[in-house]
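Chain residues, written in single-letter form:
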Amino acid sequence: MPAGLHVSNHPFVRAKVTRLRDRSVSPKEFRELVSSLAELLFVEATHDLATEPITVETPLAVCPGVKIAAQVGIIPILRAGLGMAEPLLHVLPDAIVWHLGLYRDHDTHQPIWYYDKLPKQPNIDIAFIVDPMLATGGSVVAAVDRLKKWGVQRIKFLGLIAAPEGVAALQSAHPDVSIYLAAVDTHLNENRYIVPGLGDAGDRQFGTR
Ligand SMILES: O=P(O)(O)OC[C@H]1O[C@H](OP(=O)(O)OP(=O)(O)O)[C@H](O)[C@@H]1O
Ligand SMILES: O=c1cc[nH]c(=O)[nH]1
Ligand SMILES: [Mg+2]
């Protein structure tokens, strides 16, 4: 069944992503914005997370409540996805983090693997792949391919800015993967960068350019 594309319309998200794009923003503020946006989108993306009924004793009475009943995996795509992983752990400290290392080749724009330490057996019920940028879609499609081969069937993608080309590529390769974003921009340029975008999300977080 095809999953959805969810582009947040929340004023916090729209204002923060506007600031994130600003070329004059320092790496420190850029990281803070990535972190805050990731948390806001995670809340939207986990609206249907499995829960289990429990009770809790307040000082006055026994009160019905719930606990989270799914083992969540957070899957950052290195490097730029790193800044979105830590804030999700603040919201859900029991989540497991599995890093996937992929970079996009400068000339071919194809994703190249350089880190993958997934164990033989999957130990999560649902995976949230995090990466700020969905450009051609090559990196996220490769990550979803890998997670499905590993044995995870429930997968969602959390990004900040996407190009229409990347959304189309991910939906065509993996129509079951829901996509949560802060913005969808107009197009990719000749170097496959998102326009207007924000430039290179890894470099802007870590001050490497
Ligand atoms: O949709 P795609 O066309 O695959 O492009 C998106 C990828 O490119 C960026 O990573 P980059 O290769 O710059 O690596 P980095 O995170 O180490 O900077 C970005 O963080 C995505 O992983
Ligand atoms: O616009 C883009 C495209 C790929 N990777 C980025 O960091 N930015
Ligand atoms: Mg980069």
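Residues numbered from 1 in each chain as written. Chains lettered and ligands numbered in written order. Predicted model: local features only at pLDDT ≥ 70, side-chain atom pairs only at ≥ 80, totals over all residues.

The protein appears in an unreviewed UniProt entry as Uracil phosphoribosyltransferase from Telmatocola sphagniphila. Looking at the protein in UniProt, the text filed under Catalytic activity (unreviewed entry) is "UMP + diphosphate = 5-phospho-alpha-D-ribose 1-diphosphate + uracil". Listed under Pathway (unreviewed entry) in UniProt, the entry text for the protein is "Pyrimidine metabolism; UMP biosynthesis via salvage pathway; UMP from uracil: step 1/1." (UniProt positions renumbered as here; feature names shortened; annotations may be inferred.)

## As for the nonpolar core
Residues Ala38, Ile75, Phe128, Ile129, Val130, Ala143 and Leu158 are the most contacted members of the largest nonpolar core, which totals 53 residues. Here this core gets eight residues from one element, more than from any other, and that element is helix H2 (residues 27–45). Beyond its immediate chain neighbours, meaning those up to four positions away, Ala38 contacts Met84, Pro87, Leu88, Val130 and Leu158. (Core = buried A, V, L, I, M, F, W, Y, C linked by C-beta atoms within 7 Å. Buried ≥ 20, exposed ≤ 12 C-beta atoms within 10 Å, placed from the backbone. Helix = DSSP H or I, 4+ residues; strand = E, 2+ residues; numbered from the N terminus. Contact = placed C-beta atoms within 7 Å.)

## A short note on the UniProt feature "binding site: 5-phospho-alpha-D-ribose 1-diphosphate" (unreviewed entry) in the protein
Residues annotated in UniProt with the feature "binding site: 5-phospho-alpha-D-ribose 1-diphosphate" (unreviewed entry) correspond here to Arg79, Arg104, Asp131, Pro132, Met133, Leu134, Ala135, Thr136, Gly137, Gly138, Ser139 and Asp200. Within the fold, Arg79 resides in the loop between strand S4 (72–78) and helix H3 (82–91). The exposure class of Arg79 is partly exposed, given the 19 C-beta atoms found within 10 Å. Residues in contact with Arg79, not counting those within four places in the same chain, are Gly202 and Phe206. In contact with Asp131, not counting residues within four places along its chain, are Ile77, Ala80, Gly81, Ser139, Val140 and Gly159.

## Quick word on the confidence of the model for the protein
For the protein, the average pLDDT comes to 97, and 99% of its residues sit at 70 or higher. For this predicted complex, the interface confidence comes out at an ipTM of 0.98, alongside a pTM of 0.97. (pLDDT = per-residue confidence, 0-100.)

## Considerations on the site of ligand 2
The full set of residues close to ligand 2 is Ala80, Met133, Ala135, Tyr193, Ile194, Gly197, Asp200, Ala201 and Gly202. Looking at the shell around ligand 2 residue by residue, the class counts come to six nonpolar, two polar and one charged. (Near = placed C-beta within 6 Å. Nonpolar A, V, L, I, M, F, W, Y, C, P; charged D, E, K, R; others polar.)

## Quick notes on unusual backbone geometry
Residue Arg79 follows Leu78 across a cis peptide bond; omega there is -10°. That bond from Val195 to Pro196 is cis: its omega, 0°, falls within 30 degrees of zero. By the secondary structure assignment, Pro196 is in the loop between strand S15 (194–195) and helix H6 (201–206). Its identity is not glycine, yet His109 carries a phi of approximately 65°, on the positive side. One can find His109 in the loop between strand S6 (100–104) and strand S7 (111–116). Residue classification places His109 among the partly exposed residues on the basis of 15 C-beta atoms within 10 Å. For Arg192, which is not a glycine, the phi torsion comes out positive at approximately 65°. Inspection of the secondary structure puts Arg192 in the loop between strand S14 (187–188) and S15.

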